[in-house]
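The chain contents come next:
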Amino acid sequence: MANLNINFAGIKSPNPFWLASGPPTNSGYQIMKAFDQGWGGAVWKTLGVPVVNVSSRYGAINHRGNKMVGLNNIELITDRRLSDNLREMEEVKKHFPDHAVIASLMVQSKTEWHQIVKDVQNAGADGIELNFGCPHGMCERGMGSAVGQEPEVLELLTGWVMDVAKVPVIVKLTPNISDITVPAQAARRAGADAISLINTIQSLIGIDIDKFIAYPVVENHSTNGGYCGPAVKPIALNMVKNCAQNPYVQLPISGIGGIENWRDAVEFILLGSTSVQICTAVMHYGFGIIRELTAGLEQYMDSHGFATIDQFVGKALPNIKDWADLNLKYSVKASIDEDKCIGCQLCYTACEDGAHQAIDLNDDKSIRIPKINEENCVGCNLCSLICPVENCITMVRKDDGKQHITWKQRTEADNIPLIFDDELAGGLSHAVRKPIDALKK
Amino acid sequence: MDIEKNFAQIKPLMNSSEAYYESSRCLFCYDAPCTIACPTAIDIPLFIRQINSENIIGAAKTIYESNYLGNTCGKVCPTEVLCEGACVFNKLNIPAIDIGRLQNYATNNAILTKLNLVEIPDSIGKSIAIIGAGPAGISCACQLRSEGYKVDIFEARNNPSGLALHGVAPYKITNEEVLMEVEFLREQFGFNVFYNQRVENKEDMEYLESKYGAIFLGIGLGGSTAIKIRGENKQNCFGATEFIEQIKIEPIVEPFAKKVIVLGGGNTAMDVATESAKLGAEKVILAYRRTKSEMKAYYFEYDLTKDAGAESVFNVAPIEIVGKNSAEGVKFIRTETIDGKLEYISSSEFVIACDLVVKATGQVKQTSMLTNISGLKIDKSGQISVNLSSGQTSNPKYFAGGDVVNGGKEVVNAVFEGKIAGKGIHEFLCK
Ligand SMILES: Cc1cc2nc3c(=O)[nH]c(=O)nc-3n(C[C@H](O)[C@H](O)[C@H](O)COP(=O)(O)OP(=O)(O)OC[C@H]3O[C@@H](n4cnc5c(N)ncnc54)[C@H](O)[C@@H]3O)c2cc1C
Ligand SMILES: Cc1cc2nc3c(=O)[nH]c(=O)nc-3n(C[C@H](O)[C@H](O)[C@H](O)COP(=O)(O)O)c2cc1C
Ligand code: SF4
Ligand code: SF4
Ligand code: SF4
């Protein structure tokens, strides 16, 4: 039976599922409720000098019947007094000594940093997370992502915290930067114990096109906010991978961004996360999703024979390489299972208009099953991605698996296209129709 | 029993959430099978996508561009065998997209907001006469108006829409909805309708021929056919179309009969059986000459009769309506099919008692009126022969469409044929 316990940079937790700092961790009441339902840890809503928030704070994008696949917010850090938060933190720790309570912090001066770190440690916090990520409202005042975007400032502030920290310190990174490993390395240099990523992505969620105001609307105006939820997961995964693979970072990672079910969590772990944090999915479905998260993770670990989380942290990392190291000889072609095909012909129009004209229709219109023209198929996957029927279009391997040549090797062998009209152009092997054929009906 | 509840719409109007979620499901198929299956070839994936992106006006325009009775059709079409029957989701055992109701959602909005569908061009100084304000006639009128013709419709009854109003079952569409769409179209397109104007004899025809550039015949079918058995003329023995017209125009509010026998196996017979049961008849028996599988009715219409509580007997042929002045029962003889021929089984007669008989065995053709048109070719089954791509009859000045040509199909076919004839007339007069 799988053991879900983790030790994250010294912070112990009964499972890797933590509530990310945000509305679900705004109060001791919520965190107690979450622990009671099975959450392993919680990163308290960022503490500091309390703020004043605006009314109308969130905006969302829906996609074809699915509500809130992306969420944007213009909320700031906690608007509650520090003393109230600390009192509640103590109470939570009293009831749940074995759960992870992490205090997220954001203040300005060195004195403030020293004071608040001591305060939360006295309240029983198991760890501290430094919020250098919030991309709106706080950064204009020199906090949040304004820190996360300046590696030197990040290093300095983290140093202040390390001066007085007795519990593990996690630096939370902002994705609003071109190379996430730069601030991650700064955190490492400053002596941080771990990193967590990603915070929200600076965004504008949409516009009321009749009133000409962006969302969320505050009277007649709006402002940019932070984007999160399922839509950001791929961006977060990539950043987690970048940090995990960087030899100068080498810190435990708490993965965050768009996690909604156990599969998402496993993906983050396979890329090097030891714990995962979740905010939007809880805002959408409540604490109850923990039942599905833990059950799914256990099932996965049992079926793969993983006894502990450690056994698969980062397991996918060796298989992620540079593009130039991929085998150019590997070849897949689309294949349609005619028994499954429902004749929507979406694959036809996708490949015809959006890919490589490698799918043909039957001349007899009453037969709606399309045909793959293998000669033209470049194996891009598009048709298999848009086919509405499960496992109807599969990508079948066509090369014999014996040949292996990468771009890097070809470059070294002087065997790559170099001039505009180079005979080595990859596309020469595949027939492209004449422009005028487009107008022939 | 609550008659009003029994007649609740089986395809009620969608709310905006329902429309959003349902439209989200559509795959936007290429060369979409639903469109291919629609007799008026509405670009279904397009209008569904327009609903999904909250362009309801665009959706309504897409629908009306192909089908002038888009709202009525959304409610009364047998979608199960047309667009929805062809939807690719059926192959996945996932419910087909609710196309009819999405269509209604868009067109209802257009009607309520009096959406401006088309710019009517200036008059081109030519007039067309249309006989019959049923679906075929209305559709033809809209098409001709969009080309700038003056259009006068002559209608025998005192209201428009033909059998869409007087025939279609009340739980599919309300009279108000039918009339509202025609009124919307009349305001939009500006055709004239002259009611209580039955065009009948040679003089009427000659008058129209002298005044109008072309004449469209959209007169539909006539009354119910007789079954030619003894006792058929008793009180309480009605033809189906007359019976339905009666209950549609003067809705019955009290249960009207204890035991009803419906003769026939087509969709009209199903309608009568369902409607009688919903009106509170204690027992409704559907009696058909042949086997269940030989019924012409759609399976879902037969299911409706069962849901409403009607029973059915098969392989029984009526041979006499018994009773004194009023029908008190039907005498049947059992039948069997031998070598494809229906045979009576001798000495198998029996009587089922009842206090109402409805004969739903078809509608007669209006041949007497048509013989007044010179050179009009009518085929063996009494239907007008036309050129299918123009609606033109053998008398070049006359065009025709709808039930009078196809022998009795659906509203959507009449709409399509009316539109084709409208285009045909335009081409004919431009030559
Ligand atoms: C009981 C019943 C139920 C039906 N249910 C459905 C259904 O659920 N769905 C569906 O799609 N279809 C249904 N139909 C079929 C549909 O109603 C018809 O196919 C459609 O109405 C045909 O349209 P039309 O314009 O050709 O003829 P009609 O609708 O019959 O219209 C003809 C019009 O011409 C007028 N007219 C006739 N003779 C003259 C004359 N000499 N001078 C002037 N005016 C004249 C009539 O008064 C009438 O208004 C049903 C039919 C019946 C009988
Ligand atoms: C309304 C809202 C408020 C947030 N407030 C904070 C915060 O105070 N401190 C912080 O570090 N992150 C904050 N976040 C960011 C989340 O912790 C998390 O990094 C981000 O939402 C991505 O994860 P998710 O999409 O899976 O929820 C907030 C997110 C939301 C939606
Ligand atoms: S997308 Fe899939 S189901 Fe649709 S036609 Fe292509 S193979 Fe068939
Ligand atoms: S894999 Fe790409 S190129 Fe090949 S058939 Fe599918 S869409 Fe076309
Ligand atoms: S067949 Fe169904 S899924 Fe495809 S376009 Fe038509 S309604 Fe949409």
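Check the entry above for the structure.
Described below are features of the structure shown in this document.

Parameters and conventions
- Residues numbered from 1 in each chain as written.
- Chains lettered and ligands numbered in written order.
- Predicted model: local features only at pLDDT ≥ 70, side-chain atom pairs only at ≥ 80, totals over all residues.
- Heavy atoms only, no water.
- Near = heavy atom within 4 Å.
- Nonpolar A, V, L, I, M, F, W, Y, C, P; charged D, E, K, R; others polar.
- Helix = DSSP H or I, 4+ residues; strand = E, 2+ residues; numbered from the N terminus.
- Buried < 20%, exposed > 50% of the residue type's maximum accessible area, 1.4 Å probe, protein only.
- Phe/Tyr/Trp six-rings, centres within 6.5 Å; stacked < 30°, edge-to-face > 60°.
- Lys NZ or Arg CZ within 6 Å of the ring centre and 35° of its normal.
- Core = buried A, V, L, I, M, F, W, Y, C linked by side-chain atoms within 4.5 Å.
- Contact = heavy atoms within 4.5 Å.
- Pairing = 2+ DSSP bridges.
- Axes fitted to C-alpha atoms, helices over the stretch in contact; angles between N-to-C directions.

Taken together, the neighbourhood of ligand 5 is formed by C26, L27, C29, A32, C34, P45, C87, V88, F89, I97 and I99 of chain B. Tallied by class, the residues present in the shell around ligand 5 amount to eleven nonpolar, no polar and no charged.

Turning next to unusual backbone geometry. Cis peptide bonds are those with omega within 30 degrees of zero, and the linkage from L197 of chain A to I198 of chain A qualifies with 10°. That bond from Y215 of chain A to P216 of chain A is cis: its omega, -10°, falls within 30 degrees of zero. A positive phi angle, close to 55°, is found at N196 of chain B, a residue other than glycine. Following the sequence through the fold, N196 of chain B ends up in the loop between strand 3 (192–194) and helix 12 (202–211). For N196 of chain B, a relative accessible area of 52% puts it in the exposed group.

Another aspect to go through is the packing of aromatic side chains. All names here are of chain B. The final tally for this structure, using the stated rule, is 21 aromatic pairs over all chains. Lying over the aromatic face of F89, R25 brings its terminal NZ or CZ to 5.2 Å of the ring centre. Against the face of F350 rests R334, its NZ or CZ located 4.4 Å from the ring centre.

Turning to the nonpolar core, a few remarks are in order. Soluble globular proteins tend to pack their nonpolar side chains together in the buried interior. W39, I195 and L197 of chain A are the most contacted members of the largest nonpolar core, which has 92 residues in total. Contacts of L197 of chain A, omitting those with residues within four sequence positions, involve L173, I180, M239, V240, C243, I253, S254, G255 and I256 of chain A.

All names here are of chain A. One open sheet accounts for four strands, arranged 5-6-14-11; its pairing is antiparallel. Either end of the sheet is taken by a strand with one partner, and the two such strands are strand 5 (58–63) and strand 11 (201–203). When the angles between neighbouring strand axes are averaged without regard to direction, this sheet yields 40°.

This part covers helix 11 (residues 346–354) of chain A. Within the span of helix 11 of chain A, buried status applies to L346, C347, Y348, A350, C351 and E352 of chain A. Packing partners of the buried residues in helix 11 of chain A comprise strand 17 (332–336), strand 18 (359–360), helix 12 (382–386) and strand 20 (393–397) of chain A.

The next point concerns helix 6 (residues 181–189) of chain A. Residues and elements named next belong to chain A. Turning to helix 6, its buried residues are T181, P183, A184, Q185, A186 and A187. Buried-residue contacts for helix 6 involve helix 4 (145–148), helix 5 (151–164), strand 9 (169–172), strand 10 (194–197) and helix 7 (233–245). Within two residues after helix 6, G191 carries a phi angle of roughly 95°, on the positive side.

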